[in-house]
Amino acid sequence: MAVKKLSQKKDPQIKIFCDLSKCVACKTCELACAVEHSQSKDLERALSETTRPKKRVAVSAVGERALSIHCQHCQEAPCVSACMSGAMQKDPASGATIQDKDKCVGCWMCVMVCPFGAIVRDIENHIAVKCDLCPDRDDYACVAACPTGALFSGTKEEFEKKLKEKKVKK
Amino acid sequence: MNYLIIGGSAAGVSAAETLRKHDKKASITLVSDESLPLYSRCLLTYLIAGVISEEKLHFKNKDFYQANAIKTYLGKKALTIDRKKKTVNLEGKTTLSYDRLLLATGALAKTMDLPGSDKKSVFTVRNIGDARGIIAMLDKIKTAVVLGGGLIGLRDAYALALKQKKVAVVVKSPHVLSQMIDADSAGIIAQQLMAHGIEILTGVEASAITGADSVEAVALDNGQTFDCQMVIVGKGVNPNMSLAESSQIKTEEGIVVNEFLQTSDEHIFAAGDVAQTYDITRGSYRINALWPCAVEQGEVAALNMLGKNRAYDGSLAMNSVDFFGLSCISMGITKAQKEEGYEILSKTRGTLYKKILLKENRIVGMVFLDDVKAAGVVSALIRYKVDISSIKTLLLEDNFDYAKIMPLIARFREKFSQEEFQDTMISYIPRITASPLC
């Protein structure tokens, strides 16, 4: 039962963060995510693919600001405990929460327990889909595409430092 | 330390994994009366339906026991416990000793004592043998009757319907899924099943199964008869407590445990479908025979067997079903009335149905049908008993999601102690004043 496309990103300290003060809800991350998970990885061609590519990141309003949210790859992941088919697993090396699509039967137990609402039902294929940390590229499609720099990949400390620097500039 | 686990499904395996994770040297032994290792019984109806093959029944790698150095006795029933000597006797005259013992003996399918229920082609669906028996007969049958309109009965019926069998479900209660959800949402699900050709008969019971050698018909207590070649009894499960009872371990509805999942014998723990554990929304001890609860309990029991004193937060009754593309997720208390002091929020639109039950501004139960994407967010609000008054009007909205609970996370930081919540809050400033964006 080899898990396909194991994330190459092996540092469990590195996460994707969203700076709420910079997110303008343009949804570029959603588009980039869907394209990255298409067969062609090309927006124009992806639109004509028979199964439409699915985004695994969502932009939503927080009061009067916006947030781009995706799987947080929880250390104690409720989706892994809830998964009755063994599809959801923790990658011991990277700490990522990974999914073996071949094992998923679309029971939605993971959807039921994810406190971030970060697992999406792919109704066409009847499987759950979620952030897989872009295994086919070295960076992350959503972060690379974000036009305002709201999305950031790095350690928590690096993100906090970045926020502080910004305050000083102001 | 010498750890012994009786039971090789969700709770037993989760416990074995946790024990090994924290103690590389301990002796860990697991006994199961089933020969096929590491299969997920929740997937059996998917197997019957032909959605998956037997190869995909495994919820852990096939070399799991070997890789974790867990000694197994598979296909062996544990017969008695000698609590003084701290040993367990298995069939075939094997005696195993333990320092800490986990009873994860699970549950057994409820059977019906009906005239004719001993006929061939009367089944329950609990283990791999049952599923194989049904699959072997599928080519020979055209119609089947399922007795029981709960979660198990409906899943059995759904599997047979996917195999193009004509199925009738006999439901004693006034509506399907009566233990799980309210009449309104159950009505929508029944409509969905009927629209796909499954017949649902409510308020009736089977009185006899007729036929010569094998099943020919089911007679109902309202005088009707249904011709069929197969009967599945899908009435739910009973905890498998015989081992605990025969060794005078305290039992009620299930094996009685304290907050550390310890039984009346301090060296013996219990987890999963056999354990009567604290229920978060009801505030009392009961059995929640559910996969996620069993996994959690197996882990917590193991931590306590290791001496780590980890109290169990309690289980949240939760279910997810999907019939012909219509999803339903329910949690906690789903059927209480206003008169009992519950506030009820609800919304219906076609097959979309949402209901949230509140007590003192805390969510204690929910049913979401069709649009289930925010169910997990609600589960966190239930689990952490958060006062939701400030976001009450948003809960049933189509755009309700994690972002909408961030003000609550900021306010009740101590309840959302899990690191990942805090990671999303780093740049959050309460009452950010800027122009509305979306």
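Below is a short write-up of the structure. (Residues numbered from 1 in each chain as written. Chains lettered and ligands numbered in written order. Predicted model: local features only at pLDDT ≥ 70, side-chain atom pairs only at ≥ 80, totals over all residues. Heavy atoms only, no water.)

All names here are of chain B. In space, the 5 strands of this open sheet follow the order β9-β16-β10-β11-β12, with parallel pairing throughout. Since the sheet does not close on itself, it has two edges, and those belong to β9 (122–123) and β12 (199–202), each with one partner. The pairing of strand β10 (residues 143–147) with strand β11 (residues 166–171) spans 5 bridges and is classified as parallel. Paired with alanine 144 across the two strands is valine 167, which belongs to β11. (Pairing = 2+ DSSP bridges. Helix = DSSP H or I, 4+ residues; strand = E, 2+ residues; numbered from the N terminus.)

Further remarks concern the pattern of salt bridges. Two side chains with opposite charge may pair up if their charged atoms get near one another. All names here are of chain B. Throughout the structure, instances matching the rule amount to 30 salt bridges over all chains. Of the charged contacts, one joins lysine 355 and aspartate 182 as a salt bridge, the two residues approaching to 3.4 Å between their closest N and O atoms. Of this pair, lysine 355 sits in strand β25 (residues 352–359) while aspartate 182 sits in the loop between β11 and α6 (183–195); the two residues are 173 residues apart in sequence, bridging distant segments of the chain. With a relative accessible area of 8%, lysine 355 lands in the buried category. The closest approach of N and O atoms between arginine 383 and glutamate 296, which form a salt bridge, is 3.6 Å. Of this pair, arginine 383 sits in helix α9 (residues 375–383) while glutamate 296 is found in helix α8 (residues 291–305), placing the two residues 87 residues apart along the sequence. (Salt bridge = Lys/Arg side-chain N within 4 Å of Asp/Glu carboxyl O. Buried < 20%, exposed > 50% of the residue type's maximum accessible area, 1.4 Å probe, protein only.)

This next bit is on the sheet that holds strand β7 (residues 100–103) of chain B. Residue and element names in this part refer to chain B. Taken in spatial order, the 5 strands of this open sheet run β3-β2-β1-β7-β19, and their pairing is parallel. Two strands bound the open sheet, and with one partner strand each, they are β3 (70–74) and β19 (268–270). Along the sheet, successive strands turn relative to each other by an average axial angle of 20°, direction set aside. Of the strands in this sheet, β1 (2–6), β2 (27–32), β3 and β7 touch helix α1 (residues 10–22), which is tilted by about 170° from β2. (Axes fitted to C-alpha atoms, helices over the stretch in contact; angles between N-to-C directions. Contact = heavy atoms within 4.5 Å.)

Residue and element names in this part refer to chain B. Across the 6 residues that make up β2, a large majority, 5, are buried. Of the pairings in the sheet, the one linking β1 to β2 comprises 5 bridges and is parallel in character. The residue bridging asparagine 2 from the neighbouring strand is serine 27, located in β2. As a crossover connection, the stretch from β1 through α1 into β2 is right-handed. (Right-handed = clockwise from strand over helix to strand, strands pointing away.)

On to helix α4 (residues 128–137) of chain B, then. Those residues of α4 of chain B not exposed but buried are Ile128, Asp130, Ala131, Ile134 and Met137 of chain B. Of the surrounding secondary structure, the elements contacted by the buried residues of α4 of chain B are α2 (44–48), β9, α5 (151–162) and β16 (230–233) of chain B.

This part is about the side chain of asparagine 304 of chain B. All names here are of chain B. Inspection of the secondary structure puts asparagine 304 in helix α8. Within the local environment of asparagine 304, its side chain forms a polar contact with the backbone oxygen of phenylalanine 260, the two atoms lying 3.1 Å apart. Beyond its immediate chain neighbours, meaning those up to four positions away, asparagine 304 contacts Phe260, Phe269, Asn309 and Arg310. (Polar contact = N/O pair within 3.5 Å; in protein donor to acceptor, adjacent residues only side chain to side chain.)

This part is about the packing of α1 of chain B against α8 of chain B. In a pair of packed helices, the angle between the axes and the distance between the axes together describe the arrangement. Residue and element names in this part refer to chain B. Following both chains from N to C, one finds α1 and α8 inclined at 35°, their axes separated by 7 Å at the closest point. The handedness of the crossing between α1 and α8 is right-handed. Mapping the contact onto sequence places Ala10, Ala11, Ser14, Ala15, Thr18, Leu19 and His22 in α1 and Trp291, Ala294, Val295, Gly298, Glu299, Ala302, Leu303 and Met305 in α8. (Left-handed = near helix turned anticlockwise from the far one by under 90°.)

Each partner contributes residues to the interface: chain A has 47 residues there, and chain B has 50 residues. Summing the contributions of chain A and of chain B, the shared interface buries around 4200 Å²; its carbon and sulfur component is 62%. When the area that chain A buries against chain B is broken down by residue, the three leading residues are Glu64, Met84 and Met112 of chain A, summing to 17%. Note that aspartate 423 of chain B and lysine 15 of chain A form a salt bridge whose closest N and O atoms lie 2.7 Å from each other. Counting across the chain A and chain B interface gives 19 residue pairs in polar contact (both at pLDDT 80 or more). When contributions to the side of chain A that touches chain B are tallied by element, the ones reaching two or more residues are β1 (15–18), β2 (58–62), β3 (65–69), α3 (78–82), α4 (109–113) and α6 (156–169) of chain A. Grouping the constituent residues of the side of chain A that touches chain B by class yields 28 nonpolar, 9 polar and 10 charged. (Buried area = accessible area lost by both parts, 1.4 Å probe. Nonpolar A, V, L, I, M, F, W, Y, C, P; charged D, E, K, R; others polar.)

Time to look at the nonpolar core. All names here are of chain B. Leu103, Leu160, Ile356, Leu381 and Tyr402 are the most contacted members of the largest nonpolar core, which totals 185 residues. Setting aside chain neighbours within four positions, we find leucine 160 in contact with Ile48, Ile134, Leu138, Ala144, Val146, Lys165, Val167, Met230 and Ile232. If you look at the next biggest cluster of nonpolar residues, it comprises 18 residues, including Val122, Ile209, Phe226 and Val231. (Core = buried A, V, L, I, M, F, W, Y, C linked by side-chain atoms within 4.5 Å.)

It is worth spelling out the environment of tyrosine 312 of chain B at this point. Residues and elements named next belong to chain B. Looking at the element boundaries, tyrosine 312 is found in the loop between α8 and β22 (318–323). Tyrosine 312 gets classed as buried once you look at its relative accessible area, which sits at 10%. Separated by 35 residues in the primary sequence, tyrosine 312 and threonine 277 place their C-alpha atoms 8.7 Å from one another. Apart from residues no more than four positions distant in its own chain, tyrosine 312 is found in contact with Glu259, Leu261, Thr277, Tyr278, Cys293, Glu296, Gln297 and Val300. Reaching out from tyrosine 312, the side chain makes a polar contact with the side chain of glutamine 297 at a distance of 3.4 Å.

Attention now goes to unusual backbone geometry. All names here are of chain B. The backbone of lysine 93 shows a phi angle near 60°, a positive value even though the residue is not glycine. In this model, lysine 385 sits at a positive phi of 50°, which is unusual for a non-glycine residue. Mapping lysine 385 onto the fold places it in the loop between α9 and α10 (402–411). Given a relative accessible area of 38%, lysine 385 falls into the partly exposed group.

Attention now moves to α8 of chain B. Counting along an α-helix, one turn takes 3.6 residues, and residues three or four places apart therefore face a common direction. Residue and element names in this part refer to chain B. Here α8 contains 15 residues, and its C-alpha end-to-end distance of 21 Å stays within 8% of the 21 Å for a straight helix at 1.5 Å per residue. Where burial is concerned, most of α8 is hidden: 13 out of the 15 residues are buried. Directly after α8, the chain includes glycine 307, whose backbone phi takes a positive value near 85°. (Expected span 1.5 Å × (residues − 1).)

By the element assignment, glycine 86 of chain A lies in the loop between α3 and β4 (88–90). In this structure glycine 86 of chain A comes out as buried when scored by relative accessible area, which is 7%. Here the alpha-carbon distance between glycine 86 of chain A and asparagine 125 of chain A, two residues 39 residues apart in the chain, equals 18 Å. Each residue touching glycine 86 of chain A, except ones within four places of it in the same chain, is listed here: Lys103 of chain A together with Phe59 of chain B.

This part takes up the packing of aromatic side chains. Overall, the coordinates contain 13 aromatic pairs over all chains when judged by the stated rule. Residues phenylalanine 59 of chain B and tryptophan 291 of chain B carry aromatic rings whose centres are separated by 4.9 Å and whose planes lie at 90° to one another, so their mutual orientation is edge-to-face. Residue phenylalanine 59 of chain B is located in the loop between α2 and α3 (64–67), and its partner tryptophan 291 of chain B is located in helix α8; the two are separated by 232 residues in the primary sequence. When its relative accessible area of 7% is taken as the criterion, phenylalanine 59 of chain B is described as buried. Seen from their ring centres, phenylalanine 416 of chain B and phenylalanine 421 of chain B are 5.2 Å apart, and the 80° between their planes marks the pair as edge-to-face. Since its relative accessible area comes to 0%, phenylalanine 416 of chain B is described here as buried. Each residue in the set Phe116 of chain A together with Tyr384, Tyr402, Phe416 and Phe421 of chain B is aromatic and connected to the rest through ring pairs, giving one cluster. The positively charged end of arginine 121 of chain A is found above the aromatic ring belonging to tryptophan 108 of chain A, 5.7 Å away from the centroid. Sitting over the ring of phenylalanine 368 of chain B, lysine 354 of chain B keeps its end group 5.1 Å from the ring centre. (Phe/Tyr/Trp six-rings, centres within 6.5 Å; stacked < 30°, edge-to-face > 60°. Lys NZ or Arg CZ within 6 Å of the ring centre and 35° of its normal.)

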